[in-house]
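Chain by chain, the residues run as shown.
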Amino acid sequence: MLNNKNIKLRIGWIIPNVFMYLLFIGAGTFVLINADGLRDINRLGIWVFMLILILFAALFGSYRIWTWIKQGKI
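Because the structure is a prediction, the values reported are computed rather than measured.

**Considerations on the packing of aromatic side chains**
- One pass over the structure, following the stated rule, counts three aromatic pairs.
- Here Trp13 and Trp68 contribute two aromatic rings whose centre-to-centre distance is 4.9 Å and whose plane-to-plane angle is 65 degrees, an arrangement assigned as edge-to-face. Placement of Trp13 in helix α1 (residues 4–33) and of Trp68 in helix α3 (residues 44–71) is noted, with a sequence separation of 55 residues between them.
- Given the relative accessible area of 43%, Trp13 is considered partly exposed.
- The buried category is assigned to Trp68, whose relative accessible area is 16%.
- Ring centres 4.9 Å apart and planes at 45 degrees place the aromatic pair Phe30 and Trp47 in the tilted group. Here Phe30 is found in helix α1, whereas its partner Trp47 is found in helix α3, with 17 residues between them in sequence.
- Judged by its relative accessible area of 36%, Phe30 is partly exposed.

In structure tokens:
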């Protein structure tokens, strides 16, 4: 059974992870809307690279949270 500490710990890890996904969606929307302008100033590659890094950070965070929950740590 989950105790109060584990619930707070889960929330403390899950909320920032959800914000990473929201950041990815927001930045991805920005890049899609402004792709032509970013290409004109040669910054599209940098933005796409940053999007990939944000996505990998969010996916890795989700994986770590899932493994900790499975192991019973949180």
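**Some thoughts on the pattern of salt bridges**
- Taken as a whole, this structure holds one salt bridge when the rule is applied.
- Arg39 is the salt-bridge partner of Asp36, the closest N and O atoms lying 3.1 Å from each other. On the criterion of helical spacing, the pair formed by Asp36 and Arg39 is a turn pair, its members being three residues apart in helix α2 (residues 35–40).

**Remarks on the UniProt feature "transmembrane region" (unreviewed entry) in the protein chain**
- In the UniProt entry, the feature "transmembrane region" (unreviewed entry) is given for residues 12–33 and 45–66.
- In this annotation, residues 12–33 is assigned 100% helix and 0% strand; the end-to-end C-alpha distance for the span is 33 Å.
- End-to-end, the C-alpha atoms of residues 45–66 are 31 Å apart, and along that stretch the chain is 100% helix and 0% strand.

Conventions and cut-offs
Residues numbered from 1 in each chain as written. Predicted model: local features only at pLDDT ≥ 70, side-chain atom pairs only at ≥ 80, totals over all residues. Heavy atoms only, no water. Phe/Tyr/Trp six-rings, centres within 6.5 Å; stacked < 30°, edge-to-face > 60°. Helix = DSSP H or I, 4+ residues; strand = E, 2+ residues; numbered from the N terminus. Buried < 20%, exposed > 50% of the residue type's maximum accessible area, 1.4 Å probe, protein only. Salt bridge = Lys/Arg side-chain N within 4 Å of Asp/Glu carboxyl O. UniProt positions renumbered as here; feature names shortened; annotations may be inferred.

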